[in-house]
Amino acid sequence: MYKLRYLLLMAIAAVAFSCSDKKVIFPDDLEVYPEEKGGDNEEKLPFHQVKTKAQTTSPAWTTYEAKTVDRLLEYTITEEPERDIYGGWKIEGFTNTGHFHTQNINGRWWLVDPEGYPFIHTGVAVFEPGASDRSKTALAQKYGSNANWATQETQMLKELGFNGTGCWSNVGLVKGVSQPLVYTVYVKPMLEFRAYLKSIGDFDSQVMGWQGFPNNVIRVFDPRFDQFVESEAKKLEQYANDNYMLGYFTDNELPWYNEALDNFLKYYSDPDPCYQAAKRWLDERKGRDANVSDINDADRLAFMGYYFETYMKKVSDATKKYAPNKLYLGCRFNQHNQELANPEIFRVAGEYMDVVSINHYRKWEPEANFMKDWVNWSGKPFLITEFYVKGEDSGMANTTGAGWIVEDQADRGYFYQNFTMELIRSKGCVGWHWFTYQDNDPENPNADPSNLDANKGMVTWDYEPYSPLLESMKALNSQIFQLTKYFDQ
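A brief structural summary. As the structure is a computational prediction, the values presented were derived from the model and not from experiment.

In terms of regular secondary structure, the chain is built from 14 helices and 16 strands. Structurally, the chain occupies a C-alpha span of about 80 × 60 × 55 Å along its principal axes. Partitioning the contacts of the chain with sequence separation of at least 6, the portion at a separation of at least 24 is 70%. Carbon and sulfur atoms make up 49% of the accessible area of the chain, which amounts to about 21100 Å² in all. Charged side chains in the chain number 50 positive and 69 negative. The centres of these two groups are separated by 2 Å.

So, about the sheet that holds strand S6 (residues 121-124). Overall, parallel pairing links the six strands, which are arranged S7-S6-S16-S13-S12-S11 in an open sheet. Edge positions in the sheet fall to strand S7 (164-165) and strand S11 (333-334), since each has one partner strand and no second. Sheet topology places S6 next to strand S16 (residues 429-434); four bridges connect them, and they run parallel. Within S16, the residue paired with Thr122 across the bridge is Trp432.

Strands pair in a sheet through their backbones, by hydrogen bonds, and they do so in one of two ways: parallel or antiparallel. The strand order across the open sheet built from three strands is S3-S4-S5, with neighbouring strands paired in antiparallel fashion. The sheet is open, and its two edges are formed by strand S3 (101-105) and strand S5 (118-119), each paired on a single side. With five bridges connecting them, S3 and strand S4 (residues 108-112) associate as antiparallel partners. Bridged to Gln103 within S4 is Trp110.

This next bit is on the packing of aromatic side chains. All told, the structure shown has 55 aromatic pairs when counted by the stated rule. On the numbers, 5.4 Å between centres and 75° between planes, the contact of Tyr64 with Trp404 is edge-to-face. A residue pair is termed long-range when its members are at least 10 positions apart, and Tyr64 in strand S2 (residues 62-66) and Trp404 in strand S15 (residues 404-406) qualify at 340 residues. Taking relative accessible area as the criterion, Tyr64 reaches 28% and is therefore assigned partly exposed. Trp404 sits in the buried class, given a relative accessible area of 9%. Aromatic side chains Trp149 and Tyr437 sit 5.7 Å apart centroid to centroid with 75° between the ring planes, which places their arrangement in the edge-to-face category. Of the two residues, Trp149 sits in helix H3 (residues 146-159) while Tyr437 sits in the loop between S16 and helix H13 (467-477), which places them 288 residues apart along the sequence. Residue Trp149 shares its accessibility class with Tyr437, and that shared class is buried. When the ring centre of Trp61 is taken as origin, the NZ or CZ atom of Lys53, which lies over that ring, is 4.9 Å away.

The rules behind the values
- Residues numbered from 1 in each chain as written.
- Predicted model: local features only at pLDDT ≥ 70, side-chain atom pairs only at ≥ 80, totals over all residues.
- Heavy atoms only, no water.
- Helix = DSSP H or I, 4+ residues; strand = E, 2+ residues; numbered from the N terminus.
- Contact = heavy atoms within 4.5 Å.
- Areas by Shrake-Rupley, 256 points an atom, 1.4 Å probe, with all protein chains shown as cover.
- Lys, Arg positive; Asp, Glu negative; His and termini not counted.
- Charge placed at Lys NZ, Arg CZ, Asp CG, Glu CD.
- Pairing = 2+ DSSP bridges.
- Phe/Tyr/Trp six-rings, centres within 6.5 Å; stacked < 30°, edge-to-face > 60°.
- Buried < 20%, exposed > 50% of the residue type's maximum accessible area, 1.4 Å probe, protein only.
- Lys NZ or Arg CZ within 6 Å of the ring centre and 35° of its normal.

Structure below.
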């Protein structure tokens with residue numbers, strides 16, 4: 001098949017060159033590869049064919065194509081520009097504000113670092129030492145101390161082309177390194193409020209939903225929530241003057257379901273403040289006394305904008321007070337849920353967030369039309385804050401977690417390159433965070449239920465690197481700036 005496509009391309013090229021001495025530029029969707037590498041530098045092997053399953057119980061493997069930098073047509077691997085202390089490329093032409101900010105240049109979004117250089121936040125989430133007894137013993141034997149671990153593993157990540165850490169990383173250890181990675185901070189006002197409500201018994205006789213929220217709603221209209229917003233936001237103050245702090249997240253994967261209006265009216269009643277807010281909104285919209293049976297899909301989407309904006313205004317007003325020059329990176333939308341296809345959610349996000357954060361699962365690669373919508377609806381760039389794939393050769397059962405399953409660590413590396421190239425191609429993505437640094441210890445009885453036996457890490461529970469994965473990560477990370485130019489052409 002590849003040979004037939006190649007011969008067809010050569011025939012087209014021969015006709016074109018007979019009419020013009022200009023170089024032929026072929027359509028973007030016409031990908032042609034010779035079967036073997038030959039003398040011409042432009043000849044490349046076909047993309048990798050990777051067998052994968054969405055989960056261990058899937059009945060059969062499905063084959064997907066994975067692009068890698070060494071097999072892109074008309075692409076030459078070239079040394080990248082020099083980097084500064086934050087990991088930005090020393091390229092002129094960007095605004096220098098003295099702190100991290102976003103900037104759109106010729107239709108492409110960038111982060112810009114405190115020295116005024118373009119920056120893509122290539123991070124690793126949960127960058128911290130393993131918590132199990134066996135992992136602690138392995139760390140002591142290999143590194144001697146947590147501080148030595150942080151120094152050595154920071155250097156490893158930098159050598160692999162990573163410049164930052166994502167959510168749930170050990171910020172204290174990250175900051176303790178002489179020249180640290182650019183880090184993010186996580187505060188959780190709604191999750192803390194949920195814990196409070198549970199502690200006082202407000203969850204009785206409720207239907208539990210996503211993330212343990214009763215009835216798949218969050219109580220943004222409850223005035224008791226406000227004190228948790230303030231106390232969590234105040235935690236950012238200690239980082240406000242640190243140039244290595246990129247920005248912060250508030251909460252994670254909240255249930256922004258379109259049925260929120262229905263659920264507030266079905267499961268709550270007067271004088272509950274959330275019921276009152278939803279009822280008042282619907283009555284004003286309909287111009288009369290209304291109930292659940294009066295709700296249509298347009299009402300649901302419009303209410304989502306109001307409901308979401310109530311959360312966003314409260315948290316952004318508080319966090320900007322304590323960290324005014326740091327980027328608000330959003331509340332980590334969830335690929336499972338409905339918000340990623342909701343223009344109202346993104347319209348509101350664009351008013352309050354500096355960057356929209358998205359945990360991306362269930363897709364082999366990010367889809368161009370969705371990424372375009374996210375940017376157009378919000379007017380802001382986005383950051384992929386979780387993605388990963390699990391290898392069958394790891395010895396882990398891989399029955400938990402949302403990531404895809406592939407046969408081995410080489411395929412995990414191909415997945416990484418293919419996925420991140422689509423992010424670069426989008427022009428709206430300003431970074432990504434691999435989830436996660438380390439596999440959990442499968443013998444750890446206290447592991448998170450979603451992370452009991454899953455090969456998500458770059459290293460094993462006892463700190464042995466998955467070399468084929470890391471080699472592919474380095475190959476891609478060392479070409480990010482050149483790839484932006486390649487795709488922009």
